[in-house]
Amino acid sequence: MTTPLPDLGVGVVYIPGIGKLLEDDGLAIDVIEVEPQTLWRRRGERYVPDDEIIGHVSALPQRKLVHGVGCPVGGSVPHDEEQVTLFADSIRTFGAPWASEHLSFNRAYGDGVPFNAGFLLPPLQTRAGATAAAVMARSLASRLPVPLAVETGVNYLRPRPSEMSDGAFVAAVADGADCGILLDLHNLWANERNGRQPVREFLDEIPLDRVWEVHVAGGFEYGGYWLDAHSGLMPEALLELAAEVVPKLPNVHAIIFEMVPQALSRTDVAVLRRQVETLRTIWSKRGTRVERQPPKPQATAPIDNISPRDWQDTLGALAVGREVTGPLADAISADPAVPVFQKLVWQVRAGMIVDNFPFASRLLMLSRGEEFLRGLFNDFFARVPPEFFGSTESDAFAAYLRERQIDEPYLDDVLAYEHAAMHVQLDGGTQVIRTRHDPNGLVAALSEDRIPSGVEEDDFEIVVS
């Protein structure tokens, strides 16, 4: 007999930097949902958990859930075995009663070699796509020590005539994988705003008794789309939707609010406290208006000769800006969401590099201008596929800059210093570098938005610790 899942209450997603929320006594947080990949570091070909922060999170008094962001089940590229092993270890470490992953994909094949698409992309919503996703979900679930739920994804693409409706697709995957559903209401609300299936129609098509968890979040308008950006407070219309939906869920065990740490500084904490209290009121009414659901009719869809693999490889390539030809590529390229995917992937990649190399980026901006730096990023991104971790993305960009041999005084020294500092921060210990100029003077000038000038030239041996 399967052990019943516990009721955990109202919580937040934990990403490094979000800890200030947990220090606020006015926010009654019952449960923390950990995204384990954000607690790992990339060293060479290996993933290394950050034991210090994992120990800190483990010691927090709230119950823990684990929500994967690196092993989505909507694709057909086999999961990275090391990631799956560490994902399972994280579940055991945090004592999570269930785990969840995205019904999306983030890897595809190009020239027969897997590459990272840099974004969680929507799977092919056909019967074949649902079968493939169910197989992936079952495979992942078989490696985990607790039951798995799949998250309802955001999809910026227009509905295609040959695809299943959003709700019918999720229902087919959940039934085929015999798994739970993480009902991300903000994703569904964004989908409706962006022209896809209305939320209430979606809910009519899925088995509500499979919903174990609900996500809510904030977003913003971008390029004519409402983005699932986790960028702050929840829209009031979303809270009203949650108040309508949660009482209809007989087996919901947690409501989780998602917000990225960068949004904390611009969030009105007093309003956030009131919203969390509203979530607690909604939680108290869970499963109170459950109606007996008639059996869901078997979902049907028009015949579509596109394979899940072709869909994945084509959309993945387009998202990273690769040239793809053929009828499917032409059809997907015509969707106005494709440039949005490309811009989002671009911004994520550029953001990771600038975070790790702020002074090298600033030097190029000050001396050559924004268009020059943007052109460097464009050329690099066209040559090199995205990396999942910011450190490996930055390693590749550092190699690219050295290969370009840009005639820019001080760039090599600033880059060498920042590259070493990044790895010291990741790996500990010290690194010794040799430079022609003292990096301290270079960084001091760049910190004041000045191009360094007249810096003494010599043979410097710098110990970065």
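For the structure itself, consult the block above.
Numbering of residues begins from 1 in every chain and follows the order in which that chain's sequence is written. Owing to the predicted nature of the model, reporting of local features is limited to residues with pLDDT of at least 70; listing and counting of side-chain atom pairs is limited to 80 or more, with chain, interface and lining totals taken over all residues. By convention in this description, side-chain values take in all heavy atoms of the structure and omit both hydrogens and water.

1. Brief notes about the pattern of salt bridges
Okay, so step 1: We count a salt bridge whenever a side-chain nitrogen from Lys or Arg sits within 4 Å of a carboxyl oxygen from Asp or Glu. Scanning the model with the defined rule gives 25 salt bridges in all.
Okay, so step 2: Put simply, R200 and E244 hold a salt bridge, and the shortest N to O gap is 2.7 Å. Pair noted here: R200 is in helix α7 (residues 199-205) and E244 is in helix α8 (residues 236-245), with a separation of 44 residues, a long-range link.
Okay, so step 3: A relative accessible area of 43% places R200 in the partly exposed class.
Okay, so step 4: For E244, a relative accessible area of 25% gives the class partly exposed.
Okay, so step 5: Here D459 and R436 are joined by a salt bridge, their closest N and O atoms 2.4 Å apart. Pair noted here: D459 is in strand β16 (residues 457-464) and R436 is in strand β15 (residues 431-437), with a separation of 23 residues, a long-range link. Strands are runs of DSSP state E lasting at least two residues, helices are runs of H or I lasting at least four, and both sets are numbered from the N terminus onward. Only protein chains enter the accessibility calculation, which uses a 1.4 Å probe. A residue is then buried if its area is under 20% of the maximum for its type, exposed if over 50%, and partly exposed in between.

2. Overview of the packing of aromatic side chains
Okay, so step 1: Side-chain rings of Phe, Tyr and Trp (the six-membered ring for Trp) are treated as a pair once their centres are within 6.5 Å; stacked means planes under 30 degrees apart, edge-to-face means over 60, and tilted covers the remaining angles. If you walk through the whole model with that rule in mind, you get 15 aromatic pairs.
Okay, so step 2: On the numbers, 6.1 Å between centres and 70 degrees between planes, the contact of Y156 with Y225 is edge-to-face. In this pair, Y156 sits in the loop between β9 (148-151) and α5 (166-177) while Y225 sits in strand β13 (residues 225-227), placing the two residues 69 residues apart along the sequence.
Okay, so step 3: Judged by relative accessible area, which is 4%, Y156 ranks as buried.
Okay, so step 4: Its relative accessible area of 10% is what places Y225 among the buried residues.

3. Remarks on the sheet that holds β9
Across a sheet, paired strands are connected by hydrogen bonds in the backbone, their directions being either parallel or antiparallel.
Okay, so step 1: One closed barrel holds the eight strands; their spatial order is β1-β2-β5-β6-β9-β10-β11-β14, and the pairing between them is parallel. The average angle at which neighbouring strand axes cross in this sheet is 30 degrees, direction not considered.
Okay, so step 2: Here, strands pair whenever DSSP counts at least two bridges between them. Sheet topology note: the strand β11 (residues 211-217)/strand β14 (residues 254-258) ladder contains five bridges and is parallel. The residue of β14 that forms the bridge with H215 is I256.
Okay, so step 3: When checking whether two residues touch, look at their non-hydrogen atoms; a contact exists if any pair is within 4.5 Å. In this description, a line fitted to the C-alpha atoms serves as the axis of each element, helices being fitted only across the stretch in contact, and the angle between N-to-C directions of two axes falls anywhere from 0 to 180 degrees. Docked against the sheet, helix α6 (residues 185-193) engages β9, β10 (180-184) and β11, running at close to 60 degrees with respect to β10.

4. Looking at the nonpolar core
Okay, so step 1: Here, nonpolar core refers to any group of buried Ala, Val, Leu, Ile, Met, Phe, Trp, Tyr and Cys residues whose side-chain atoms link them within 4.5 Å. L183 and V214 are the most contacted members of the largest nonpolar core, which has 106 residues in total.
Okay, so step 2: Here this core gets seven residues from one element, more than from any other, and that element is α5.
Okay, so step 3: With near-sequence residues (within four places) excluded, L183 lies in contact with T152, L188, F202, L203, I206, V211, E213, V214, H215, V245 and L249.

5. Topic: the pairing of strand β4 (residues 46-49)
Okay, so step 1: Where strand β3 (residues 40-43) and β4 come together, four bridges link them in antiparallel fashion. For R43, the partnering residue across the bridge sits in β4 and is R46.
Okay, so step 2: Hairpin connection between β3 and β4: a loop of two residues separates the two successive antiparallel strands, and G44 in this loop has a positive phi of roughly 65 degrees.

6. Focus: the environment of D50
Okay, so step 1: Here D50 shows up in the loop between β4 and α2 (51-59).
Okay, so step 2: D50 gets classed as partly exposed once you look at its relative accessible area, which sits at 21%.
Okay, so step 3: Spatially, the C-alpha atom of D50 lies 32 Å from that of N155, the residues being 105 residues apart in sequence.
Okay, so step 4: Once residues lying within four places of it in the same chain are set aside, the contact partners of D50 are L39, W40 and R41.
Okay, so step 5: Within the structure, the side chain of D50 is placed 3.3 Å from the side chain of R41, a separation counted as a polar contact. We define a polar contact as two N or O atoms separated by no more than 3.5 Å, with the added condition that, inside protein, one atom must be a possible hydrogen donor and the other a possible acceptor, whereas residues neighbouring each other in sequence contribute only through side-chain atom pairs.

7. Overview of the side chain of N116
Okay, so step 1: Looking at the element boundaries, N116 is found in strand β8 (residues 113-121).
Okay, so step 2: Within the structure, the side chain of N116 is placed 3.2 Å from the backbone nitrogen of G118, a separation counted as a polar contact.
Okay, so step 3: There is a polar contact of 3.5 Å between the side chain of N116 and the backbone oxygen of E387.
Okay, so step 4: Setting aside anything within four residues of it in sequence, one finds N116 in contact with N106, V320, P385, P386, E387 and F388.

8. Quick look at the environment of F460
Okay, so step 1: Positionally, F460 belongs in strand β16.
Okay, so step 2: With 448 residues separating them along the chain, F460 and V12 place their C-alpha atoms 47 Å apart.
Okay, so step 3: Filtering out sequence-adjacent residues up to four positions away, F460 remains in contact with I433, R434, T435, R436, H437 and D438.

9. Side note on the state of the cysteines
Okay, so step 1: Pairs of cysteine sulfur atoms within 2.5 Å are what we label disulfides. Applying the stated criterion to the full structure yields zero disulfides.
Okay, so step 2: No disulfide involves C71; its nearest neighbouring cysteine sulfur is the one of C179, lying 15 Å away.
Okay, so step 3: On the basis of relative accessibility, which here comes to 1%, the residue C71 falls in the buried class.
Okay, so step 4: You can call C179 buried: its relative accessible area is 5%.

10. Here's the deal with the packing of helix α12 (residues 337-356) against helix α15 (residues 390-404)
Okay, so step 1: Packing of α12 against α15 brings their axes to within 9 Å, and their N-to-C directions diverge by 80 degrees. Compared by their axis directions, α12 and α15 come out roughly perpendicular. Residues R349, M352, I353 and N356 of α12 touch α15, and the partners they reach there are G390, S391, E393, S394 and F397.
Okay, so step 2: Here the residues of the contact of α12 with α15 are counted per class, giving three nonpolar, four polar and two charged. Roughly parallel covers angles under 35 degrees, roughly antiparallel covers those over 145, roughly perpendicular covers 65 to 115, and oblique covers all other angles. When residues are sorted by character, Ala, Val, Leu, Ile, Met, Phe, Trp, Tyr, Cys and Pro go into the nonpolar class, Asp, Glu, Lys and Arg into the charged class, and all the rest, Gly among them, into the polar class.

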